[in-house]
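Residue strings, one per chain:
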Amino acid sequence: MIWNTYSINELIEQYSKNQSIKSLMRSVSIYHILSDSNSEVDFPFRINSKSGDISYRSPNLLFEYTELEKQNLFDIKSDPISIFKYIGVTPHRCQVDMIKSYSNHRFNLATCTKRIGSTYASLILSLSYILANKDKTIQYICINKNMCDKNISTFRYLYDKLPFYMKLGIIDDKRHTIKFDNGCIIHFSISKSIQIGYSISFLIIDNAYKSDRDIDNILVSCSANGASVLIISNKYIETIFQHQSYYNNSYYDWTSNELFTTEWAEDKIKKVGITKFIEESCLGRITEEMKPTLRDITINSIL
């Protein structure tokens, strides 16, 4: 049986009317019998045992794409930024810049102030990378197990927001690893539990870098085997690889996100003080464009 967006939407509409998954499977089987088809029938949704919903696409599903859908899939592969449109999210300037920077450089080090949206951007980038490639593996290193849980949950949420025709079939979904039917894998871990049983194509280190043997070894391995690297940090990292010319260094302070207004900065300085604000929100450096704003904020906070 060959599915298309219309037939998928019919099933989704039935599910939205509180029809059980078993009822959906029964209706699919009945339709297949009545259509007098000799092909095998496949239920289009891979049932997510964790939630019982129909957000996952079954692997290796026969699907007929419209010309517009084919064009949209091409857009995703050629321009990672376009994925924001299909999941219904408006990106911040720094998120667009970070993703574009990755597209133009193999090795990237992004120094970002907290809560600027860097982790979200890296997860969007991970999803677009998987959609655009085959037989690739993303190793996503988090600072602790809680962040592993949070980040893979956000990744699943982003996958769920995609139109069905854009979704890849999911072969396996374990606690911190998802395998897709195009051969791609994404694995979330902390540095001490890095899985090196497979070749890494794209390494992301999200605020988890420290000079330990586990990460140092994997960075050397990635450099040697052709993998891309994105390191996100809330602090300036003093490491030998940062000073090598092939790393693209970018900085995203509080002025990089349009949601961080002058009023926000003024309130932040009142709470933490100017010294800590410069260290955390300005990444320890004051640019020329910041000086007038910080001068006015500091004067206002004193008054």
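Residues numbered from 1 in each chain as written. Predicted model: local features only at pLDDT ≥ 70, side-chain atom pairs only at ≥ 80, totals over all residues. Heavy atoms only, no water.

Q: Please provide a residue-by-residue account of the packing of aromatic side chains, values included.
A: Inspection of the entire model under this criterion finds 15 aromatic pairs. Taking the centre distance of 4.3 Å and the plane angle of 10° together, the rings of Phe260 and Trp264 count as stacked. For Phe260, a relative accessible area of 14% translates into the label buried. For Trp264, a relative accessible area of 26% translates into the label partly exposed. Among the aromatic side chains, those forming a connected cluster through ring pairs are Tyr56, Tyr140, Phe155, Tyr159, Phe180 and Phe188. Note that Arg57 overlies the ring of Phe63, its terminal NZ or CZ placed 5.0 Å from the centroid. (Phe/Tyr/Trp six-rings, centres within 6.5 Å; stacked < 30°, edge-to-face > 60°. Buried < 20%, exposed > 50% of the residue type's maximum accessible area, 1.4 Å probe, protein only. Lys NZ or Arg CZ within 6 Å of the ring centre and 35° of its normal.)

Q: Which residues make up the nonpolar core, and what values do they have?
A: Ile83, Ile130, Phe155, Phe180, Ile186, Phe188 and Phe202 are the most contacted members of the largest nonpolar core, which totals 58 residues. Ile205, Leu219, Cys222 and Ala227 belong to the second largest nonpolar core, which has 12 residues in total. (Core = buried A, V, L, I, M, F, W, Y, C linked by side-chain atoms within 4.5 Å.)

Q: Can you explain the sheet that holds strand S8 (residues 202-206)? Please cite residues and give values.
A: Overall, mixed pairing links the eight strands, which are arranged S5-S6-S7-S4-S8-S9-S3-S10 in an open sheet. Edge strands, defined here as strands with exactly one partner in the open sheet, are strand S5 (170-173) and strand S10 (247-252). Between one strand axis and the next, the sheet turns through 15° on average, direction left out of account. Relative to strand S7 (residues 185-190), strand S6 (residues 177-180) is paired through three bridges, and the arrangement is antiparallel. Paired with Thr177 across the two strands is His187, which belongs to S7. Helix H7 (residues 145-161) rests against strand S4 (137-142), S5, S6, S7 and S8 of the sheet, and its axis sits at about 155° to S7. (Pairing = 2+ DSSP bridges. Helix = DSSP H or I, 4+ residues; strand = E, 2+ residues; numbered from the N terminus. Axes fitted to C-alpha atoms, helices over the stretch in contact; angles between N-to-C directions. Contact = heavy atoms within 4.5 Å.)

Q: Could you give an account of the confidence of the model for the protein, with specific residues and numbers?
A: In this model, the protein carries an average pLDDT of 81, and 80% of its residues clear a pLDDT of 70 or more. Per-residue pLDDT, averaged within each element of the protein, yields its smallest value for helix H2 (residues 21-34) (60) and its largest for S6 (95). Below pLDDT 50 for its whole length, residues 32-40 participates in seven contacts with residues either more than four positions away or in separate chains. (pLDDT = per-residue confidence, 0-100.)

Q: Help me get a handle on the pairing of strand S3 (residues 107-112), residues and values and all.
A: Across the six residues of S3, six count as buried, placing the element largely inside the fold. Along S3, one buried face is formed by Phe107, Leu109 and Thr111 and the opposite face, lined by Asn108, Ala110 and Cys112, is buried too. Bridge analysis of S3 against strand S9 (residues 228-233) gives five bridges, and the strand direction is parallel. Bridging across to S9, Leu109 finds its partner in Ile231. Sheet topology note: the S3/S10 ladder contains six bridges and is parallel. Residue Cys112 lies in a different strand from S10, and its bridge partner there is Tyr252.

Q: Any details on helix H1 (residues 5-16)? Residues and values, ideally.
A: Over its 12 residues, H1 extends 16 Å from the first C-alpha to the last, a length consistent with the 16 Å expected when each residue adds 1.5 Å. Burial in H1 covers these residues: Ser7, Ile8 and Leu11. What you see down the axis of H1 is that its buried residues fit within an arc of 100°, all on one side. Exposed residues on H1 whose side chains face more than 90 degrees from its buried face are Tyr6 and Ser16. (Expected span 1.5 Å × (residues − 1). Arc of directions from axis to C-beta.)

Q: Outline helix H3 (residues 67-78), supporting the account with residue identities and numerical values.
A: The terminal C-alpha atoms of H3, which comprises 12 residues, lie 17 Å apart, in line with the 16 Å expected from a rise of 1.5 Å per residue. Among the residues making up H3, those that are buried are Glu69, Asn72 and Ile76. One side of H3 carries all its buried residues, which in axial view fall inside an arc of 60°. Residues of H3 that are exposed and angled more than 90 degrees away from the buried face: Glu67, Phe74 and Lys77. Each element contacted by the buried residues of H3 is listed here: H1, helix H4 (83-87) and helix H6 (118-132).

Q: How would you summarise the side chain of Gln139 if you had to cite specific residues and measurements?
A: Position of Gln139 relative to the elements: it lies in strand S4. Among the polar contacts made by the side chain of Gln139, one reaches the side chain of Ser189 at a distance of 2.8 Å. (Polar contact = N/O pair within 3.5 Å; in protein donor to acceptor, adjacent residues only side chain to side chain.)

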